[in-house]
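Below, each chain spelled out in residue letters.
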Amino acid sequence: MSKLPALSGKDCIKALEKVGFRFKRQEGSHVTLRRDEPFCQVVVPLHKELDRGTLRAIIRQAGLSVAEFNRLL
C-alpha cells in the first residue's frame, strides 16, 4: 500500500480537479466537488492538513487508488 502524503484541503481539491471533479458548492469550511461521468460527489474540508483517514476516505469515494492519487500531485 502506498503512503499518503501530508496534504492540505486546497491541494487535495487541485488533484481531484485533474480527474474531472469540479466545484459545486461550499458550506463553511467544506467544499463539495462533483464529477458527472461516472457520477461521484465528494466533500473536502479546507483544513491546513487533512487527517490521513479523511484523505483515504476522500480518495476511496473518488474511485481512485492511493497510487493514482499520488500521481496526480
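Reading guide: rules and limits
Residues numbered from 1 in each chain as written. Predicted model: local features only at pLDDT ≥ 70, side-chain atom pairs only at ≥ 80, totals over all residues. Heavy atoms only, no water. Helix = DSSP H or I, 4+ residues; strand = E, 2+ residues; numbered from the N terminus. Contact = heavy atoms within 4.5 Å. Pairing = 2+ DSSP bridges. Core = buried A, V, L, I, M, F, W, Y, C linked by side-chain atoms within 4.5 Å. Buried < 20%, exposed > 50% of the residue type's maximum accessible area, 1.4 Å probe, protein only. Salt bridge = Lys/Arg side-chain N within 4 Å of Asp/Glu carboxyl O.

S.K.: With reference to specific residues and values, describe the environment of Val43.
M.R.: Position of Val43 among the secondary structure elements: in strand β3 (residues 40-45). For Val43 and Ile58, which are 15 residues apart along the polypeptide, the C-alpha to C-alpha distance reads 7.4 Å. Aside from chain neighbours lying at most four places away, what touches Val43 is His30, Val31, Thr32 and Ile58.

S.K.: So what about the pairing of strand β1 (residues 22-27)? Which residues, and what values?
M.R.: With five bridges connecting them, β1 and strand β2 (residues 30-35) associate as antiparallel partners. Within the sheet, the bridge partner assigned to Arg22 lies in β2 and is Arg34. In sequence, β1 turns back onto β2 through a hairpin of two residues, with Gly28 there showing a positive phi of about 65°.

S.K.: Quick rundown of the nonpolar core? Include the residues and the values.
M.R.: Ranked by internal contacts, the top residues of the largest apolar core, which has 21 residues, are Cys12, Leu16, Leu33, Val44, Leu55 and Phe69. Elements that contribute at least two residues to this core include exactly α1 (9-17), β2, β3, α2 (52-61) and α3 (66-72). Take this core: its biggest share by element is four residues, from α1. Apart from residues no more than four positions distant in its own chain, Leu33 is found in contact with Ile13, Leu16, Phe21, Arg22, Phe23, Lys24, Cys40, Gln41, Val42 and Val44.

S.K.: So, the pairing of β2: which residues are in play, and what are the values?
M.R.: One ladder, built from six bridges, connects β2 with β3; its direction is antiparallel. Residue pairing for β3: Val31 is matched across the bridge by Val44. Adjacent in sequence and paired antiparallel, β2 and β3 are bridged by four residues.

S.K.: So what's going on with the pattern of salt bridges? Residues and values would help.
M.R.: Enumeration over the complete set of coordinates arrives at three salt bridges. Residue Arg25 is joined to Glu27 by a salt bridge in which the shortest nitrogen-to-oxygen separation is 3.2 Å. A residue is classified by how much of its surface remains accessible, and Arg25, at 34% relative accessible area, is partly exposed. A salt bridge links Arg34 to Asp36; the nearest nitrogen and oxygen atoms lie 3.7 Å apart. Classification of Asp36 as partly exposed rests on a relative accessible area of 40%. Shared partners join several salt bridges into a network, and the residues in it are Arg22, Arg34 and Asp36.

Keep in mind these numbers describe shape, not what the thing actually does.
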